[in-house]
Amino acid sequence: VEVHQKAASGTEGTLNDEVRITYQSQVYSFGGGDVPTDGDPYFGSKAGQLSFDAPVVEVDIFSGTLQNQTYYNLWIVTSDVAGATGGCVDQADGTPSLTVSSPTDATFPPGAPTQAEAEAICDSLRDTDQFDACVYDVRMATTDAAGGSDVLASSAQVDSIDRALGEELDVAARL
């Protein structure tokens, strides 16, 4: 899975503006707001989703608009995490898991919102399973608190997306 980023106009942050997924030598590219549809050979159970079977992976691709710029958010759901590395993998004991690691301030871009600023931005999700992920995303995707507020406020669908994602993660955890 590759995501191209570009500078977001009006802020020092970046937006994901293109997505490319390579699976079994086949390349699937999405840009300009396009998402997977039922015409895609690996179309999942809903719009914007691709499902692969070896390894078992679902990729949900959401496209939105922020200040007249198209952006993409991706969720990758799998129970096959052996050997996984990265910011969303807890490797303290050497065993990957599906939890957000404990990042330090050095993890985030220069000028990113502080932990407290990101928590304030994500306050509407405070008592949900999505609060920590929101805080991480706001700090990773923006270089100032105002930009973080714009990112969260730009999606009227954020609550329904977060609920659906939480349900999918619950299903994946039971696999």
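Quick notes on the rules
- Here the residue numbers are simple positions, counted from 1 along each chain's written sequence.
- The predicted nature of this model means local features are confined to residues of pLDDT at least 70 and side-chain atom pairs, given and counted, to a pLDDT of 80 or more, with totals for whole chains, interfaces and linings taken over all residues.
- Where side-chain values are given, they derive from all heavy atoms of the structure, hydrogens and water being excluded.
- Under the scheme used here, helices are H or I runs from DSSP no shorter than 4 residues and strands are E runs no shorter than 2 residues, and both carry numbers assigned from the N terminus.
- A 1.4 Å probe rolled over the protein chains alone gives each residue an accessible area, and that area as a share of the maximum for its type sets the label: buried under 20%, exposed over 50%, partly exposed in between.
- Two strands qualify as a pair provided DSSP detects at least 2 bridges between them.
- In this description, a line fitted to the C-alpha atoms serves as the axis of each element, helices being fitted only across the stretch in contact, and the angle between N-to-C directions of two axes falls anywhere from 0 to 180 degrees.
- Here, the term nonpolar core denotes a set of buried Ala, Val, Leu, Ile, Met, Phe, Trp, Tyr and Cys residues that are joined through side-chain atoms within 4.5 Å.
- Whether two residues touch is decided by their heavy atoms; if any such pair falls within 4.5 Å, the residues are in contact.
- Here, a salt bridge means any Lys or Arg side-chain nitrogen found within 4 Å of an Asp or Glu carboxyl oxygen.
- Pairing of aromatic rings covers Phe, Tyr and Trp, the last through its six-membered ring, and needs centres within 6.5 Å; plane angles under 30 degrees mean stacked, over 60 mean edge-to-face, and all others mean tilted.

Draft legend 1. Representation of unusual backbone geometry within the structure. The peptide bond linking Ala54 to Pro55 adopts the cis configuration, its omega dihedral lying at 5°. Assignment of secondary structure puts Pro55 in the loop between β4 (49-53) and β5 (56-66). For Gln24, which is not a glycine, the phi torsion comes out positive at approximately 50°. Summarising the element assignment, Gln24 is placed in the loop between β2 (14-23) and β3 (26-31). Given the relative accessible area of 55%, Gln24 is considered exposed. Notably, Ser25 is not glycine yet its phi reads approximately 65°, a positive angle.

Draft legend 2. Quick peek at the sheet that holds strand β6 (residues 69-78). Taken in spatial order, the 3 strands make up an open sheet running β4-β5-β6, and their pairing is antiparallel. Edge strands, defined here as strands with exactly one partner in the open sheet, are β4 and β6. Pairwise comparison of adjacent strand axes, ignoring direction, gives a mean angle of 15° for this sheet. Sheet topology places β4 next to β5; 5 bridges connect them, and they run antiparallel. Counted as the bridge partner of Phe52 is Val57 from β5.

Draft legend 3. Region of interest: the nonpolar core. Membership of the largest hydrophobic core is limited to 11 residues, which are Val19, Ile21, Tyr23, Tyr28, Phe30, Leu50, Phe52, Val57, Val59, Ile61 and Tyr72. Listed by contribution, the elements that provide at least two residues to this core are β2, β3, β4 and β5. With residues near it in sequence (within four places) discarded, Val59 still touches Ile21, Gly48, Gln49, Leu50, Phe52, Leu74, Trp75 and Ile76.

Draft legend 4. How the structure looks around the pattern of salt bridges. Inspection of the entire model under this criterion finds 3 salt bridges. One salt bridge connects Arg126 with Asp123, and the closest N-O pair in it is separated by 2.7 Å. On the basis of relative accessible area, Arg126 is assigned to the partly exposed category, the value being 38%. With a relative accessible area of 40%, Asp123 lands in the partly exposed category.

Draft legend 5. Geometry of the packing of aromatic side chains. All told, the structure shown has 5 aromatic pairs when counted by the stated rule. Seen from their ring centres, Tyr23 and Tyr42 are 5.1 Å apart, and the 80° between their planes marks the pair as edge-to-face. With a gap of 19 residues between them, Tyr23 in strand β2 and Tyr42 in the loop between β3 and β4 connect regions that are remote in the sequence. What makes Tyr23 buried here is its relative accessible area of 9%. Residue Tyr42 is classed as partly exposed on the basis of its relative accessible area, which comes to 23%. Relative to Phe52, the ring of Tyr23 lies with its centre 4.3 Å away and its plane at 35°, an arrangement referred to as tilted.

Draft legend 6. Up close: the sheet that holds strand β1 (residues 2-7). Strands sit in the order β1-β2-β3 across an open sheet of 3 strands; the sheet is antiparallel. Taken across any chain shown, the strands that pair with only one partner, and hence form the sheet edges, are β1 and β3. Averaged over neighbouring strand pairs, the angle between their axes works out to 20° when direction is ignored. As paired strands, β2 and β3 are joined by 6 bridges and run antiparallel to one another. Each bridged residue has a counterpart across the sheet, and for Tyr23 the counterpart in β3 is Gln26.

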